[in-house]
Structure formats: structure tokens, C-alpha cells
Amino acid sequence: MAQAGDPPDTPGTRPGRLKVYLGAAPGVGKTYRMLDEGWRRALRGTDVVVALAECHHRPHTEEMLDGLEVVPRARRAHPAGDSAELDLDAVRARRPEVALIDELAHTNAPGAAHPKRWQDVEELLAAGIDVITTVNIQHLESLNDVVEKITGVPQRETVPDEVVRRAHQIELVDMAPEALRRRMAHGNIFAPEKIDAALSHYFRVGNLTALRELALLWVAERVDETLQRYRAEHGIGGVWETRERVVVALTGGPEGETLIRRAARIAARSSGGDLLAVHVARSDGLAGASPAALAGQRRLVESMGGSYHTVVGEHVPAALLAFARAENATQLVVGVSRRGRLRRLADARGVGETVVGHSGDIDVHMVTHERAGRGRSRPLPGSGLSPARRLGGPVAGLLLPVLLTLLLRRQAVADALSLNLTSEALLFLAAVVGVACIGGVVSALLASVTASLLLNYYFIPPAGRFTIAEANNVLALLVFALVAVTVAAVVDRSLRLGRSAAHATAEAETLSSLAGGILRGEQAVPVLLERTRQTFGMDSAELRPREREPVHGPAAADGAPAPAVTRVPIGEDDELVLHGRALPATERRVLTAFAAHLTAAVERARLAEAAAEIEPVRAADRMRTALLAAVSHDLRTPLAGGWAAISSLRSRDVDFSAEDKEELLATAEESMIKLSRLVDNLLDMSRIQAGALTLHLQPTALAEVLPQALDSLPDTPASGVRVQDVEAVPCVLADPPLLERVVANLVANATRHSPAGRPVTVAASTLAARVELRIVDRGPGIRPADRERAFAPFQRLGDTDNTTGLGLGLALSRGLTEAMGGTLVPEETPGGGLTMVLSLPAAPSPAADGPV
């Protein structure tokens, strides 16, 4: 397709380029956009012709044809009538640079060169002619059945997806459903006599929204294909993720906000990316996060649309990776270690390096920050011994005293320092303390023995022998050994106390997180079960009735160990069952707290169920109270009228004429009819409330029920109701007398609110396996906030005359409809008014009821 800056091409020297304007529904403006582009190209000097444009008598679209060359259509006669089709031969003979051809999926009339218009377009493309065309999403072959399920309308004209996918350019013509319905109501799409039917059937908001989503998703998929082709053409390797699930690891340190924002940017780069923040509450010495800092980081994550999680784990890298894999994460964001150089020397592999080494197919981002390498912001309560320290401690216990001995034995050092025995013993003591800090008490004992032997052999006279000449040197050596062992024990104890304090801190963090979730309203049993599963890194967590006999966990395949099963009692009859890793005793204490909250949640759920069982009784009481209050007034009018008429007829004081007697009898009869209708409504409403309504469902034709319903409304003139398409829909599965009453109530309500000269429209249509009857009025309508209130018993929205009835019409209509398996939903009538949509299941066809 010719574009600005492209070299001029002569038709026939290259295949033509196809541009498609894709729309979600008729009327979004595809033809207008096609003609507008034709104008723009013609103004740039391109040879453009209108090979075929379907304007559908739309004035604004027809105006776009003025000034453009239009190829006359070919007239073809066929049994169904004459038609004007694309004249393929005339376009080929004219050989323009660009041909505008509307409705790509159109089926040609018999006698054409090809059965489908898209085949005509392909022939023009092969001849080197660029084509601009239009198509609706419902005409794509792959979406044809999906559109039929949504709209209930089969699409007989389709085009293969591949034809549209091969287009050089696809442009989506988008319009919001509400805007499209306004265009329809203003007469910019269809003729006035077709507007109501179109708005009530195909152009409903739900249909248009679903079609719009299909169009957007299909175009998005096409964009992704274009991106992949671009990468292939330019030799770009690797993977460009277009949808991410990003997990950010938080320690509660000052770098947390930096990591969260970086992770949010990564997630935002793809459509629909998810952000998950996780904090590992651990008990091996690195727990010490500030609850206030974590709370602030939680708020930041949630403000960015992410979710916050807390898990318990002895080993932070393993817990992080287990959480990321369980959540199907694609990327993991970890901060660069805050440990100083000395701590990195003692333990080279930190959390980030370990995560990178075991991440597998999860991408890991090591994000630097201002606190990286500067040490922790406050002293740690103590660290447990990592595998590297457990191995390095004994090695240091052997090597450090030896290296110190070699250093002190050098003549140059000895002359420079002029150390005596006391100074040399203190240096060895410092070495023992250092070993204790690295490897604990066992390594310190080994270092003290090594240092004592070296000190005795090389530095206590007589040198070179293990004998000691002076008694005070014996005392010095014994004190040295005792001090070394004592210091090592103190260091080891501080480590153990630090681990205990860290574990307590981890438990406190976890319980604080749980309490915070409860304060935020996360009290439902499923929510607490999911939090329990995530917190303890389990495969599943469920609530079961307590099993009195011991039950073995599920066996694993291929001889692998079966997942551990942890059971915790919940109340008297239930238990919490966790599948996954075996929990140590320290974590079981925290699990007990979770179980206590679950117990309370289960009890609350049971109390809520009990309250729900009581609520119908309360509702019935309220109904009876309202009924008594309403009956005292609303039944008085027909009773008074009938009583007055009959009393007058029985009176002997007045000699009534025949006409007067007839009028009095008519008044009495009308009063009795109103009274009977009110009593029937009240009885039916109480049957619905009590669940005692008897139904006789059978195939029922709307064409038979509707006249009977209209005849039962003597106050409604026939000219006040316009009926459409009721004979074209299949039978519904309903109770005929009840359906008649529902329709009568809805039509009476619509005519009561419709202005004079604006008849009520009753139209029928099919949607999948259901039939919809739409009662459309042009009255004031009901505000969206009040629509559900209109279905409450004894409710008369907008009525100022309390003599118009009990307000049971809509409530009774919805109750009877739902009892028959249908729905009754109010919608806004475009242009003003209210549309009541009565939907009922279609009756099965006789062909489906054959022998089994």
C-alpha cells in the first residue's frame, strides 16, 4: 500500500498491499474511515477509485463519496432478486493504484467470478493493486461460533482469518458501546423503524462489550505476531516477555521501596503483569525487620496494584524460590546484600547469590541500592552458623595460631616489636577469640589447644621443648587456656541467644501480619487457609472433618518421598490439614496461632449460617407487617366502591332508572375485579415467600400468551401497545397462566408511565438457548440506583397516588419469573424510558425428545 515516502510503484510490478479496517460491530465507522483514507491518498496524488462502498443510506458516509471516482457496479439477476455487486473486470481494466472495497466477508451473487468478495480482493492484490477494505470481528471464521453464543445470531458470511492476518496493515475502528448505542438512537446507523429492534437485540450493551473485547484481543494477538516477525527478520535472539509475574523479596530494610518500585516497573512493561511482594520471616539469625517498615512497604505495594505475602522459612533462598515457583513467577527481584566486607569474607554466598544459583528458569534481578555493602542499619541479634562457617571455623582454629606463630618467629618482627611472653599470649588469645566468632565453641576449643601447644613450644622457656622451666609460666598457660575456653563459650552462647531472639522476632512478625490481615477484614475461612498455605510454604491447606483414625498422606510417584501431612485440630469436629514439607517444632507454635484464628473464623461462619436461616423468618415478619399496613388502605377503595353500589341498589328510597342500575352494577363488578386481583397478587406473593408456589411448566408460545395478557387489561387500548417478532421466536418453558400474569403486570406498568402518543413496544428475540421478551416504554424511566428497589414489595417509585395499588406488580412479576427459571432485568431505553427484559429458557425442540 502506498505510503508517504514510499517509492512510486506501477501496478503489476509487485503484489498489492492490503489494509483492513476492523470493527467490533456495524456502525462504528469503518466505511467512513476507509473513504476518508481514500480522500487523503487522492489529495497526495495517488490514483484511488471506489470499487464498492456500502453506505446504507447514511448521509455523512454518502457525502464522503463526492469527489472520488466510483466504479459502476455489475448488475446480476438471480432467483432471489437482482443485486449490484463488485465489477471485478471493470476494476482490473481501470488498474488504479488503490481500490476501496467495502465488506470483505460478503458473499457474491450467483454468476460472479468468485463466490466470496475476499477472493475478488485477492485477485486484485495479485494484479498489483492495493486494496483498502473493511470487516467486522463477527465475520472472522475462527470467532464465528463464539459470536453466535454471545449474540444468539448466526453469521453466515465469514472470511478466513489467514486472509486478514496477511494484511499489510490492520487498523481497529473502536467505539464504546454506549457511544454506538447513542449513534443508533440518533438515527445515524439504521432507519427509524429498525432502531428499537436493533437496540433490543444485537446492539445490547453486553453484546457490544463482548464483541469489542474480542476485537481488541484479536488485534493484540496480531500485534504480537508482527513483533515476533520483526525479531526474526532482525535476528534478535532471546525471549521478550510480554506478560510477567514479578516477585520482589523484602527484608524490611531501607532498600525496600527501591526494590518495590523497580519490580513495579518490570511488571508494568507487559500487559497484565502481576506484582507480588514477599517477606520471609526466618529464625536463623537474619530476622530483625521493623514491623513499621514492613507495614509501609506493604502499603506501597498495594498502592501499586500488587499483593503482599509473608512466608516462614528456615532458609531464605529456598523459601523465596519455593514461593516464586508456587506463584508461577517469571522474575524475582532481590536487593544487593547490605553485608559489609568482613561479613562477606566470612560467608561469601549471600541470599542473592544463592537465589541466582538455584533459580532455574526464573530470571533474577540483583538490584543495587544506596545501602549496598554498607552493613546493616542496626546490630543483628546474632547469626546462626552457615555451612561455610561451620567448615571454615575448624580450619581457622588450626591455621590462624600457626600463621601467628610464623609471623612472631620472624627475626625482623621480633626485633621491631620486642614482645614479651605476656604480649605474645594476648595475641594468641585474640586469635582464639576471632576463631570463636567465626566457628563457635568447637572451633575455639581447637584453636585454644593449638595455640597453647605453640605458645609452650616456641615462646615459653625453654624454647623448642614442651617443658616449662618456671612455675609462673605454667600458671600463665593455664590462665590462657581457661580464658580462651570461657570466651569461646560466651561467644557460642550469644549466638544461641541471638538465634532464639531472631526466632521470636520471626514469630512476632508472622503473627503481626496475621493480626493485620484480620483487622483489614481478611477473616473468611478460604482467605485464612490461603494465608496459612503461603506463610508456611505448603503445597495445600484445607479444612476437613476430623478423622478419628490415623490417615497416611498421598503416595508419591517414582519412589519419591510422599509429602508430609500436618494436622491441627480446629474446634471439636474439624482439623486443618497441610500437605508439603515437614514443619519443625518452632514453626508449629506459630501454626497453632493460625489454627486459633481459623477456629474463630469457622465459628463465625457457623453463626452467620444460623443467622441466615433466621433471616427468612424475619423477612416474612416484615412482609406481614407491611402487608397489614398496606391492606388496611389499599383494599378499602374497592370494598367501599362495591359496598356503596350494592347498598344503593338495595335501597328502597330511590327509584333508579335502568341506566343507573347498569352503572351501579358495573361499578360493583369493577370493584370486585380489582379486589380479586389484589387478593390473587397477595396470595401469590405469600406463596413465593413461603416457597409453596405450584408450577406446571410446559412449552408455551408467546404469540398465544401475549393477546390474552393484553385482553386482561381493559384500561389499556390496543393502539397503546406495539407487538414485534413474537411469532418468530420458539416456545418458552413456562407456566402459561403465570406467564400471562407477568406479561400483563409489565405491560400495565409500562403503559401507566408512557406519555400519550408514545406506544409501548413488546418485542421478542432469541439469545442462545433462551427467549427474551422486551417491554419498552418512553416514560421517565428509573435511575440506576433505584432499579432494584422497584422490585421490593409495596414499593411505588415515582407514584404519588396511593390508590394505584399495593406496589406488588414488579415484585410479583420478578418472583413468578424466577420461579419459572427466568430472569427479569430493567434496562435504560435509549432516548429515555425503561425497558424490562423478561428472559425464559427456550422449550426443547420435539426432535430432541426422541427415545433414549
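One can find the structure itself at the top, above this paragraph.
Our subject in this report is the structure included herewith. Given the structure is predicted, the values throughout are model-derived calculations rather than measurements.

Things to note about the overall build of the protein
Check the secondary structure of the protein and you find 25 helices and 23 strands. The buried share of the protein, reckoned over its 852 residues, is 42%. Within the protein, counting contacts between residues at least 6 apart in sequence, those at least 24 apart form 72% of the total. Element-wise, carbon and sulfur atoms account for 57% of the exposed surface of the protein, whose accessible area totals about 43,800 Å².

With respect to the sheet that holds strand S8 (residues 169-173)
The six strands are arranged S3-S2-S6-S7-S1-S8 in an open sheet whose pairing can be described as parallel. Looking at which strands have only one partner, the edges of the open sheet turn out to be strand S3 (69-70) and S8. Bridge count between strand S6 (residues 98-101) and strand S7 (residues 130-136): four bridges; the pairing is parallel. Paired with Leu100 across the strands is Ile132, a residue of S7. Sheet strands in contact with helix H1 (residues 30-43) are strand S1 (18-23), strand S2 (48-52), S6, S7 and S8, and its direction is about 165° off that of S7.

Points about the pattern of salt bridges
Under the criterion given, the structure shown has 21 salt bridges. We note a salt bridge from Arg41 to Glu37, for which the minimum N-O separation is 3.0 Å. Placement of both Arg41 and Glu37 in helix H1 is noted, with a separation of four residues, approximately one turn of the helix. Of the two residues examined, Arg41 and Glu37, each falls in the buried class. We note a salt bridge from Arg245 to Asp274, for which the minimum N-O separation is 2.7 Å. Of this pair, Arg245 sits in strand S9 (residues 245-250) while Asp274 sits in strand S10 (residues 274-281), and the two are 29 residues apart along the sequence. Looking at Asp274, the relative accessible area reads 29%, which means it is partly exposed. Each of Lys19, Arg33, Glu37, Arg41 and Glu171 takes part in salt bridges that share partners, so that together they form one network.

Quick word on the sheet that holds strand S20 (residues 760-767)
Read from one edge to the other, the open sheet built from five strands follows the order S18-S20-S21-S23-S22, with strand pairing classed as mixed. In the strand order of this sheet, the two ends are held by strand S18 (721-724) and strand S22 (823-828), each with one partner. On average, adjacent strands in this sheet sit at an angle of 20° to one another, irrespective of strand direction. Across seven bridges, S20 lies against strand S21 (residues 770-776) in antiparallel orientation. Bridge pairing in S21 places Thr766 opposite Val771. Running at roughly 170° to strand S23 (residues 834-841), helix H24 (residues 736-753) makes contact with S18, S20, S21, S22 and S23 of the sheet.

Concerning the environment of His56
In this fold, His56 is placed in the loop between S2 and helix H2 (59-63). By relative accessible area, which is 42% here, His56 ends up partly exposed. The spatial distance from the C-alpha of His56 to the C-alpha of Phe190 is 7.8 Å, given a sequence separation of 134 residues. His56 has contacts with Glu103 and Ile189, leaving out every residue within four places of it along the chain.

Digging into the environment of Thr532
You can see Thr532 is positioned in helix H19 (residues 525-535). Residue Thr532 is classed as buried on the basis of its relative accessible area of 0%. Along the primary structure Thr532 and Leu591 are separated by 59 residues, whereas in three dimensions their C-alpha atoms are 8.0 Å apart. The residues touching Thr532, leaving out its near neighbours within four places in the chain, are Leu576, Leu578, Leu591, Phe594 and Leu598.

Some thoughts on the pairing of S21
Of all seven residues making up S21, six are buried, and the element is well covered by its neighbours. Both S21 and S23 contribute to a ladder of seven bridges, which runs antiparallel. Across the sheet, Arg770 pairs through a bridge with Pro841, a residue of S23.

Digging into the packing of helix H12 (residues 316-326) against helix H14 (residues 351-358)
Any two packed helices are characterised by the angle at which their axes cross and by the distance between the axes. The contact between H12 and H14 brings their axes to 9 Å, and the two run at 45°. Regarding the angle of H12 to H14, the classification is oblique. Seen from above, H12 lies across H14 with right-handed handedness. In this structure, H12 uses Val316, Pro317, Leu320, Leu321 and Arg325 to contact H14, whose residues at the interface are Val351, Thr354, Val355 and His358. Here the residues of the contact of H12 with H14 sort into six nonpolar, two polar and one charged.

Quick look at H12
Listed as buried for H12 are Val316, Pro317, Ala319, Leu320, Leu321, Phe323 and Ala324. Elements that come into contact with the buried residues of H12 comprise S9, S10, strand S11 (307-312), strand S12 (331-335) and H14. Backbone geometry just downstream of H12 places Asn328 in the positive-phi region, at approximately 60°.

Structural notes on the pairing of S2
Counting buried positions over the five residues of S2 gives five, a clear majority of the element. Pairing analysis gives four bridges linking S2 to S6, with the strands arranged parallel. Following the sheet pairing, Val48 is matched in S6 by Val98. As paired strands, S2 and S3 are joined by two bridges and run parallel to one another. Across the sheet, Val50 pairs through a bridge with Val70, a residue of S3.

Side note on the side chain of Thr835
Mapped onto the secondary structure, Thr835 falls in strand S23. Not counting chain neighbours up to four residues away, the residues in contact with Thr835 comprise Arg774, Ile775, Val776, Val825, Pro826, Glu827, Glu828 and Thr829.

Let's talk about the environment of Glu818
Following the sequence through the fold, Glu818 ends up in helix H25 (residues 809-819). With relative accessibility at 49%, the residue Glu818 sits in the partly exposed group. Residues Glu818 and Leu840, 22 residues apart in the sequence, show an inter-C-alpha distance of 9.0 Å.

Basis of the calculations
- Counting starts from 1 at the beginning of each chain's written sequence and moves along it residue by residue.
- Predicted model: local features are reported for residues with pLDDT of at least 70 only, side-chain atom pairs are reported and counted for 80 or more only, and whole-chain, interface and lining totals are derived from all residues.
- Where side-chain values are given, they derive from all heavy atoms of the structure, hydrogens and water being excluded.
- Secondary structure elements are taken from DSSP: a helix is a run of H or I of four residues or more, a strand is a run of E of two residues or more, and numbering for both begins at the N terminus.
- The rule is simple: take the accessible area with a 1.4 Å probe, protein chains only, and divide by the maximum for that residue type; under 20% is buried, over 50% is exposed, in between is partly exposed.
- The contact rule is simple, with two residues in contact once any of their heavy atoms fall within 4.5 Å.
- Only the protein chains shown count as cover for residues, and the accessible areas themselves come from Shrake-Rupley with a 1.4 Å probe.
- At least two bridges found by DSSP between two strands is the condition for calling them paired.
- Orientation is described by axes fitted as lines to C-alpha atoms, over the contacting stretch for helices, and by angles from 0 to 180 degrees between their N-to-C directions.
- A pair is scored as a salt bridge if a Lys or Arg side-chain nitrogen falls within 4 Å of a carboxyl oxygen belonging to Asp or Glu.
- Roughly parallel refers to an angle under 35 degrees, roughly antiparallel to one over 145, roughly perpendicular to one between 65 and 115, and oblique to any angle outside these ranges.
- The sense of a crossing depends on the near helix, which, turned anticlockwise from the far helix by less than a right angle, makes the crossing left-handed and, turned clockwise, makes it right-handed.
- Gly counts as polar in this scheme, as do all residues outside two lists: the nonpolar Ala, Val, Leu, Ile, Met, Phe, Trp, Tyr, Cys and Pro, and the charged Asp, Glu, Lys and Arg.

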